[in-house]
Amino acid sequence: MEYSEGLVRELKRKAIQVRANILEMIPPGKVGHLGGSTSIADVMAALYFHTMKVNKDDPKDPGRDRLIMSKGHAVLVQYACLAELGYFDRTELGKVKTFAGILQGHPDMDKTPGIEAVTGSLGQGLSVSLGVALGLRLDKSDSRVYAILGDGELAEGQIWEASMAAAVYKASNLTAIIDWNGVQATSTTAEIFPIANLVEKWKAFGWNVIEIDGHDMVQVLGALDAAKAYTEGPTAILAHTIKGKCFPFAEGKAKYHNAAMNDEEYKIAWQCIENMKREVEA
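Residues numbered from 1 in each chain as written. Predicted model: local features only at pLDDT ≥ 70, side-chain atom pairs only at ≥ 80, totals over all residues. Heavy atoms only, no water.

Draft legend 1. Main features of the overall build of the protein. When helices and strands are tallied, the protein shows ten helices and five strands. For 282 residues, the compact-globule estimate of 2.2 N^0.38 gives 19 Å, and the protein sits close to it at 18 Å. Its C-alpha atoms give the protein principal-axis dimensions of roughly 50 × 45 × 40 Å. Here the protein holds 282 residues, and 54% of them are scored as buried. Taking the average place of the 30 positive charges on the side chains of the protein and the average place of its 36 negative ones, the gap between the two points comes to 1 Å. (Helix = DSSP H or I, 4+ residues; strand = E, 2+ residues; numbered from the N terminus. Rg over C-alpha atoms; globule rule 2.2 N^0.38 Å. Buried < 20%, exposed > 50% of the residue type's maximum accessible area, 1.4 Å probe, protein only. Lys, Arg positive; Asp, Glu negative; His and termini not counted. Charge placed at Lys NZ, Arg CZ, Asp CG, Glu CD.)

The structure is reproduced here in structure tokens:
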């Protein structure tokens, strides 16, 4: 499918703003999940600002699409999108992970408008997403469910139980997006728990599989549209990404899975945002 230059440029702008919102939430000295939030930012921008049906005025709109952040530690990127859409006041970004705010360190569906499930105990989000998808099908709804998974999270057995069930029940309204950045909390996934032949594995479990560059907006849009068009079962989008994408001091480094930036790093991060803005307008 062809995508207009204007659409692609606008979504790139949104992805930059999402990363800027993430920075607002974790100023110098505040620990936060920078790496895994920024690696999936481009995909999240495409979802929230183009692909998904959302309704900021009624977060419980029955006709909405659902996004479940299975890798709940990266919820900063979801907050960044929801704030940009106007689900809550932007002042909440400065109160992340405090009792004074509604944005906690992991998703809380009771506290935060737009959050669909409480996640953070890794491996459970795909099961929750499948349950929601099957419920929507029973209701004869055309709404879709998107589950965001970490590649380190794939070591959890429950992921594969859910993937088998999704294929058996031909849950074509379910799309799993794997943030394939190769780095988890303390080291690379290859060192900690290597999973060989990941594309072939998802295919063997009965899924429609699409492999993309998760930072190429055209590829992201194409994969999301292809997933919507596929009606024979669930789709897994395996998105190759870079942990800490767009912030050179953090890219590909396990240290920034969950860490505090110092003053110099924070200054560099904001300069990167300004550089990206100039590049996308060039």
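Next comes the rest of the account.
Draft legend 2. Looking closely at the state of the cysteines. Per the counting criterion, the structure on display carries zero disulfides. Its sulfur unpaired, Cys81 is 14 Å from the next cysteine sulfur, which belongs to Cys246. Between Cys272, a free cysteine, and Cys246, which holds the nearest cysteine sulfur, the sulfur-to-sulfur gap is 7.8 Å. The exposure class of Cys272 is buried, given its relative accessible area of 11%. (Disulfide = S-S within 2.5 Å.)

Draft legend 3. Here's a closer look at the nonpolar core. By size, the foremost hydrophobic cluster in this structure holds 65 residues, and its most contacted members are Ile22, Leu34, Met44, Leu47, Leu67, Ile177 and Phe247. With nine residues, the single largest contributor to this core is helix α1 (residues 5-25). Not counting residues up to four positions away in its chain, the partners in contact with Ile22 are Leu34, Ser37, Thr38, Leu76, Val77 and Ala80. Counting 26 residues, the second-largest nonpolar core is a separate cluster that includes Ala117, Trp202, Trp207 and Ala236. (Core = buried A, V, L, I, M, F, W, Y, C linked by side-chain atoms within 4.5 Å. Contact = heavy atoms within 4.5 Å.)

Draft legend 4. Here's a closer look at the side chain of Ser39. Mapped onto the fold, Ser39 is located in helix α2 (residues 34-39). For Ser39, a relative accessible area of 0% corresponds to the buried category. Polar contacts involving the side chain of Ser39 include one to the main-chain carbonyl oxygen of Gly36, which spans 3.2 Å. Among the polar contacts made by the side chain of Ser39, one reaches the side chain of Asn181 at a distance of 3.4 Å. With residues near it in sequence (within four places) discarded, Ser39 still touches Lys71, Asp179, Asn181, His215, Thr241, Ile242, Lys243, Gly244 and Lys245. (Polar contact = N/O pair within 3.5 Å; in protein donor to acceptor, adjacent residues only side chain to side chain.)

Draft legend 5. Seen up close, the sheet that holds strand β4 (residues 208-213). Spatial ordering of the open sheet is given by β1-β2-β3-β5-β4, a layout of five strands whose pairing is parallel. On the outer flanks of this sheet lie β1 (66-69) and β4, each paired with one strand and no other. Direction aside, the axes of adjacent strands within the sheet are offset by 20 degrees on average. In terms of strand pairing, β1 meets strand β2 (residues 145-150) through four bridges, oriented parallel. What sits directly across from Met69, in β2, is Ile148. Packed onto the sheet, helix α9 (residues 217-229) meets β2, β3 (174-180), β4 and β5 (235-240) and runs at close to 170 degrees relative to β4. (Pairing = 2+ DSSP bridges. Axes fitted to C-alpha atoms, helices over the stretch in contact; angles between N-to-C directions.)

Draft legend 6. How the structure looks around the packing of aromatic side chains. Going through the model one piece at a time under the given rule, you end up with six aromatic pairs. Here Phe247 and Phe249 contribute two aromatic rings whose centre-to-centre distance is 6.5 Å and whose plane-to-plane angle is 35 degrees, an arrangement assigned as tilted. By relative accessible area, which is 0% here, Phe247 ends up buried. Consider the rings of Tyr266 and Trp270, whose centres lie 6.2 Å apart with planes at 90 degrees: the pair is edge-to-face. Here Tyr266 pairs with Trp270, and both are found in helix α10 (residues 263-281), just four residues apart, close to one helical turn. (Phe/Tyr/Trp six-rings, centres within 6.5 Å; stacked < 30°, edge-to-face > 60°.)

Draft legend 7. How the structure looks around the packing of α1 against helix α4 (residues 75-85). One way to put it is that α1 packs onto α4 with a least axis distance of 8 Å and a crossing angle of 115 degrees. Between α1 and α4, the crossing angle belongs to the class labelled roughly perpendicular. Like other packed secondary-structure pairs, α1 and α4 cross with a definite hand, here right-handed. Contacts from Lys14, Gln17, Val18, Asn21, Ile22 and Met25 of α1 reach α4 at Leu76, Val77, Tyr79, Ala80, Cys81 and Glu84. Here the contact of α1 with α4 is built from residues that sort into eight nonpolar, two polar and two charged. (Parallel < 35°, antiparallel > 145°, perpendicular 65-115°, else oblique. Left-handed = near helix turned anticlockwise from the far one by under 90°. Nonpolar A, V, L, I, M, F, W, Y, C, P; charged D, E, K, R; others polar.)

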